[in-house]
Structures are given as structure tokens and as C-alpha cells.
Amino acid sequence: MSGETQLEAAGMALEQLSDVVQRCQGVPDDSYTTEAHDVFTVAGRICIEEGNSVQVLSIVLDDKNQDIVRCMGWNLLPPLVQILLKKEDKDLPHCLAIFNHLLKACRPKELLIGLLEQLEQDDADTIAESLHLLLNPLQKVLLCLGSRKASSLGMTLSSVLDQVAKLPVPHTKEQEEDDVFSLCRCCTDLIPFVRPFVQEARQNLLNSKKQSEVADKMPVGGEWSSPDKEELRTELLKFCMKTLSHPLLEVQLKDPETLAVSPLRNFATEILNTLSAIGESVPSLVYQPLLKRKEVPGFLEEEVRYPKESLASLAHLVFVHHLAADSFPSVFSPVFCLRCNMEHVCLLLSRTDESRIQKGLELYEKSLVRVENGSLHADLLEIKTFLTVPQNLVKVMTICPRQDLRTKGLKAFQLSIDKFDTGAKYKFFLFMLKTSNHSGVEGYIIKNIKTQIDISLQPGNSNTWFEGVHLLPLLRKVFILPDGPETDLLQYMDRVMESLNLLRYLVIRDKVTENQTGIWTELYKIEDTFLRPLRVGLDMSRAHYERELCNTMEAKKSKVKEEGVLSVSVGDEKLPNMTPECQIQALHSALHTFDMIKSVLVRIEELIEVKDNI
Amino acid sequence: MAAEPTREWSDEQLKSDDLPKKDMIKFIQDNAAHSFLNEHKLLGNIKNVAKTAKKEQLIIAYNELFESKRFKGTEPIEEMTEHVRAVKLDDKPKEVKEIVDEGPPKFTKSVLKKGDKTNFPKKGETVSCWYTGSLEDGTVFDTNIPTTARKKKQTKPMSFKVGLGRVIRGWDEGVLTMSKGETARLVIEPEWAYGRKGVPDSKIPPNATLIFEVELVSVD
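This one's a predicted model, so the numbers in the text were calculated from it and none came from an experiment.

All names here are of chain A. One pass over the structure, following the stated rule, counts 39 salt bridges over all chains. Across the pair Arg233 and Glu230 runs a salt bridge, and its minimum N-O distance is 3.6 Å. Of this pair, Arg233 and Glu230 both sit in helix H12 (residues 227-245), 3 residues apart, which is roughly one turn of that helix. For the pair Arg233 and Glu230, a shared accessibility class is recorded, and that class is buried.

Below you can see the structure in the form of C-alpha cells.
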């Protein structure tokens, strides 16, 4: 549109607006025509967009127009909010005045719809700004709804959190301080937003408690409240549970030493306080996996009401960050605490999301550390999570892309082993040898077995698990070659090396004359099923790789481009073949591995011979 | 077998007023078989029997005893059956204690306010308590009692299922000895509290003896 036509259009719009408003004066509002609605909406929008908000303001403030304003005014929200979001517009004060008047004059339900629509924006910056602008008006409108506000509050909170979920989350301390995407500000704004509703819910709870005291019964959830009051509590609970998933499970809270003032930590603390205020005991929530809760009559089923991920997030906040520590009872037994947290840890570790894995590891570690070494009984291994958590841990240790998490995982793995008593360790080692299917993990377990045998051989530590009756069955599970002489020794290197280390240790430590571990009587079997096939396999592998090395060196000399038998493609690109230099390096490395294995094997054979001759 | 009892009194002595009924009853009770006493209605407390039995009856009984020779021990099976019938059987078999004897309990309790002494919690029941926990040096590390009475009306006491190992052992064992309404001070040694570890990142250090003042508000 050219400048002139624009002015014309603007002028026309103003005329139309004044016109329709006049026509509707004195007409009962239920008989406004659809046409009147449309003209008001379109003309009003154009006036505001074209900078005629002064005139619109006077129309809107006019006493004679209050009926139409109440009925149709809310349709002006979209253009108004657009101006308000721009902030530098010269019409800002007038638009603000119109906006505030509408908030008072129009019907709350319609205002709510209008405002919620305006929350949905395209880019992160506008989302953050619109939240900042509209939370207060939304609160005002909701408070006008009286005792029927619960479902509207629920709808509002849900929309708000959906928008918050679109904002990028700060990861470092600096990012939290800078808050360029305003996530922290939004969270901070949410606290005063919910406050009056939380107060109301708290008051309802108090009143119902008084009522029940008169009738001499304990209130259980919805028993003594009206449906509206129970709905309010439920909506606030939903809100808390949702925030625990996002953003709280996504962010890594910083401790007070790292970041003295942390908006996110404050937000998390407020959520915990809100839960308590609406009558949800934090200990009950955290320990929920093990507590059989009474069926609370109400809106949502248990699983929906208390999403598992939210409870896991809550447990993390309580046990790792010690939020609301002052109001958390210090009377629960560490083993009970561990059992409950295992459920949360299991859930977190079963995700591939690194943030959840990290929290799972932290929660696991904090729970284990409270238990004394060697105190967990084998009975606990009957509980499903005590087996699935280590299995999840193996996945983290072996395939998680982040090195720090792999390391942390291993640390947690060893810590968990240390907490088991001797019988439980034995059972656990058997389980892991059977199920982990990973040579590195198996090797690690075998190393642990060696440690336990060493401990049990020390005076005063005698037990039937790592000495005596049960040891040999365990050792039989250790000294095996999965594919006999054809076993890929490079793939199984970790396991084979640790097995040989263990055997060497036993042969040195346990005197033939004492045979405390039973190894000497078992040795002939081990030679048959393990040592002999290993020797054969080693010789075969060595021969094969030496030949390969020769061939490769020949090929390099003659610079023949070998068409590899194998090629690797990623996407549509074929990766370059290994250079001859790389190949040679790899082959040397393999040969070196065989040498290592061979040397331990030879040493063991020497030791056996010596002792045999004693 | 015991020697047969001999007659102590002649017929004349029996009839005489000098011989009290009680003596006769005692003699017969001491020497006659249970079934004999039953038939002659001479069972029970001597005083009572003396009230109901006439002298003539007793003389008859006395004489019949010696005639029939139904002395004690002549009907052993019957007597045994009577004894067995008379024994009261306990309704519940006594619980076998599976717990290995670990020595004395690692807590002490002093009652500060008596409870109703009737409602004692059983394992698995839900109890609720107000409590304050402190260390030996007086530091309060935990309490669920709000600061003002008004606030106390708004909060609930802590509830949990007792005796299931959900709380520290000192609490489980201690609360089981309390009755509804009782307030007690439990001094718990570290082995039945948080032991060598204490609670990391909290006010409870390793090897801490914990002192709890507990009020048992309700029992399920």
C-alpha cells in the first residue's frame, strides 16, 4: 500500500470503528450482530496497528461503550500485545492503557483465551518477552474467576510451561548468569505467578483439616474438599510435576559455592516448597516406589498424577542438591533410602539422554555412599532394580559417548560392589559374568574376584565364598574360552588377561601343600579346558597375523593398491581405506597383545611346574 | 504303688460331732480317685464342699471308699485324661524368634510422658510421631515440630510403617515399645542409627549417638 492509501485506510478504519460503536450503543449485547463483531475487530486492529491508539483509547474508555467493550474488547488483544512487545513504540502508553482497561472490563474467560493465544510465539526471544509481559495479566484474570478457576489455571500453567520448554537451557554457570534466552527470568517470574493460588490451596487444606478435626478423622486427599478445591490442588500438583521434568531435569544446578545466587536453584526450591504447601509430603513422593499408597479419590490415576521421571528428578534434587534438606526427616534407614532410589536411578540410567544419565549416576553414588561397605545382603539381589541398574551401568560404561560419564559409571559400579557383603558379591559376580557380554566388564569382574580371594586368604577373613566350597564353581565360570582355540583373542583380551592374572596369583599365593582355594586340585581341569586351547589359539593367531604383516609390508614395498576386502561407508561416503602404515601399526599391536598373553601363560606354566616338583 | 490307705476313724468317731466335716472331706479328697470324688460331689474347695455336703453323705462316702477301694492311682488313665482336659491350650502358638541373639538393644528409652499403655504398635502398622533429634552436644539436626502452636495445627506428624526397616533401627525398636500418647527420649547408639558413615553432607557426623524426643501420636 502506498503512504496515501495507508492513511486513507487508517482513517476509514477509525470511521468504521466509531460507527459500529455508536450503532451498538443502547443495544442489548446479546443482539450484536456477527457483522458488528467483525467490523469492531478488524477496524480496531487496523487503528491500533496504524498508530491511532489514542482514539481507540477514548472510545474504549467512553462510558456509553462499556457494553460493547465488555463483549468484544478482548478481540483487540492481539494487536495490542504486538505493540506492547515492541516496547519502543510511541503508542506504548496508550496501548498499555487500553490493555489495562480491557483487563478490568472484559469477561475473564474470554480474556484468558485471548491472552493464552498471545503466548504462542515463533522465536525464543518473543516467547520469553510475551511470558514476561503476560504472566501478570493472566494472574489478574484468573483471580477474577473465583472458585471455578482451577481448570483455567491448569490450562494456563500448561500453556506457559509448553512455551518455557521452547527456550534453550543454560548449562554453564556463565550461561545461567547471562541468561541470554531468559529461561531463568521466566522461572523466576513463575514463582510470584503461582503464589496466590498456592496460598489458596494451602488455606483450603487448612480449612479441611479443621473440619475433619471436628469430626475426629484424618483427612485423606479429596475426602473433605469440594471438587473445585481438589481440582485446584491437582492442577498445582500437575504443574510441579511438569516443572520437575522440564526444565529441572534438563539443567545442572550449581551449588552455592559455585554460584551464590542461582535463579534455577531458587526455582527448584520453590517447587519443593509448593509441593509441601499443597499437602504433598516430599518424603512420600521420593519414597513412593516402595510405599503402597492408598487409592486417593480424585482426578488422575497414580501414574499420571506422579510421573516417574518427575519423582526421579525430585529425588535428585533432595539427595544430590540437598534442597529443602531442613524439612526432610533424618530418620530413614540408609538401606531403605537406597532401595527407593534404585527405582529412580534405574529410570534415569535407562535413557540415552546424557543429562539424565549424569543425574542417575549422581543419585546412585549419593545413595550408595550412605551405606557401610560390606553391609548389603544377598537378599537385595532378588529385587529387580538391583540387577537392572548394573546392566544399565554396563551400557553407560561401554557405549556412552561422553568419557566423563563412562568414568563416573565405572566408579559407581565399583562403589556398588564394595557395598555388598561377601555372599552378595559372589552372587553379583556370577550374575555379571553371565549377563554382561562384554570382555572389558568381565575382566573387571575377574579382577574383583581376585581381590576378594586375596582378602579372604588373609587371617580372620575366612569365608565359604571366595575360599572353600563356593570358590571352585565361580572359578569354573572364569577360566573359559568362549570359542575354544578359535576364540578371537583380541576381542576377549581384557577377559583373558585378567583370568591369567588371577590364575598366576592363585598359583603363587596358595601353597600346594595348603590348597586353601582348591586350585591345585582343579588345575588339571583348567589346563584342559583353558590353558591348552589358549596356547593353541595363541599360536594360530600369531601365525595368522605374522603372515598378514608380511603381506602388508610386501604390498607397501611394491606400492600395489590393494583392493580391500572390506570397505566402510558412512552416509554415502566411503571412508578411505586404512593406509598401509596404519595397517602395519595395527598388526604390530595385535602381535604385541599375543606376546603379553603368551608371557603370562608361560610364567604360569613355569610356576606350576616348580610347585609340581616340590 | 502306694500302700492302701487305712481307716482313720471308726464309725462312732465318724458320727461324732467332734470330727469336723472338713477333715473328712480332706481325707477323702486326698485318697479317693477322681471319678469317685466326682460321683460323690466331693470335688473342689474344701470349704465349699463342706457347705454343700451333709455329714451323713460324707460317712457314706468314706465307707464306700474303703469298700470299693477306689483310691487314687487305681484309675490312672482316666486321671490323665482329666488332667489333659483341664489344661488350657494357648490360642496362638508362640512366635519363634528367628533373630540371632546380638546382645542387648543399642538404645535406651526414658519415658517423659506416659501413654495409654494399651495401644502398642505392631510391626507393619502405620504410626505417626512428632519428634526432635539432637546430637550429644545438643545440636538439633532435625525436627518436625513447627515453631508456633498455630503452625503445628497446619502440619501433620510424620507417619511411617514401623518395624519394617524403613527407619533407623533405634526408631523401629524404640517406637515398638511405646504406647499411644507416650512421649519418650530415645538415646540411640550409632550402630542402630547411622553408624560409621553418619549422613554425609548433613549435621550427623560418623559414629554419632542420636537423641530423639518422640511423641507417638497415633497408631493405625
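Okay, unusual backbone geometry next. Cis geometry marks the peptide bond from His246 of chain A to Pro247 of chain A, where omega comes out at 10°. Note on placement: Pro247 of chain A falls in the loop between H12 and helix H13 (263-277). Unlike most non-glycine residues, Lys41 of chain B shows phi in positive territory, near 55°. Locating Lys41 of chain B in the fold gives a position in the loop between helix H3 (34-39) and helix H4 (46-52). Judged by relative accessible area, Lys41 of chain B falls into the exposed class, the value being 65%. One non-glycine residue, Lys117 of chain B, lies in positive phi territory at about 60°.

A separate point is the interface of chain A and chain B. Each partner contributes to the interface: chain A provides 23 residues, whereas chain B provides 23 residues. Here chain A and chain B share an interface that buries about 2000 Å² over both sides, 53% of which is from carbon and sulfur atoms. When residues of chain A are sorted by the area they lose upon contact with chain B, Ser330, Val331 and Glu372 of chain A head the list and together hold 29% of the total. The interface formed by chain A and chain B includes 2 salt bridges. Taking the shortest distance from any N to any O, the salt bridge between Lys366 of chain A and Asp201 of chain B comes out at 2.9 Å.

Here we come to the packing of helix H19 (residues 385-399) of chain A against helix H21 (residues 422-435) of chain A. Residue and element names in this part refer to chain A. Relative orientation of the contacting elements H19 and H21 amounts to 50°, with a least axis distance of 11 Å. In this view, H19 runs oblique relative to H21, as classed from their interaxial angle. With respect to the hand of their crossing, H19 and H21 are arranged in right-handed fashion. The residues of H21 that touch H19, namely those facing Leu387, Pro390, Gln391 and Val394, are Phe428, Phe431, Met432 and Thr435.

A few words now on the pairing of strand E4 (residues 158-161) of chain B. Residues and elements named next belong to chain B. Covered by surrounding structure in E4 are Met158 and Phe160 only, the residues Ser159 and Lys161 on the alternate face being uncovered. Note that strand E2 (residues 126-135) and E4 share 4 bridges and pair antiparallel. Paired with Thr126 across the two strands is Lys161, which belongs to E4.

Quick look at the environment of Lys122 of chain B now. Residues and elements named next belong to chain B. Mapped onto the elements, Lys122 comes out in the loop between strand E1 (107-113) and E2. As for Lys122 and Thr177, which are separated by 55 residues in sequence, their C-alpha atoms are 9.5 Å apart. Setting aside chain neighbours within four positions, we find Lys122 in contact with Val162 and Leu176.

Parameters and conventions
Residues numbered from 1 in each chain as written. Chains lettered and ligands numbered in written order. Predicted model: local features only at pLDDT ≥ 70, side-chain atom pairs only at ≥ 80, totals over all residues. Heavy atoms only, no water. Salt bridge = Lys/Arg side-chain N within 4 Å of Asp/Glu carboxyl O. Helix = DSSP H or I, 4+ residues; strand = E, 2+ residues; numbered from the N terminus. Buried < 20%, exposed > 50% of the residue type's maximum accessible area, 1.4 Å probe, protein only. Contact = heavy atoms within 4.5 Å. Buried area = accessible area lost by both parts, 1.4 Å probe. Axes fitted to C-alpha atoms, helices over the stretch in contact; angles between N-to-C directions. Parallel < 35°, antiparallel > 145°, perpendicular 65-115°, else oblique. Left-handed = near helix turned anticlockwise from the far one by under 90°. Pairing = 2+ DSSP bridges.

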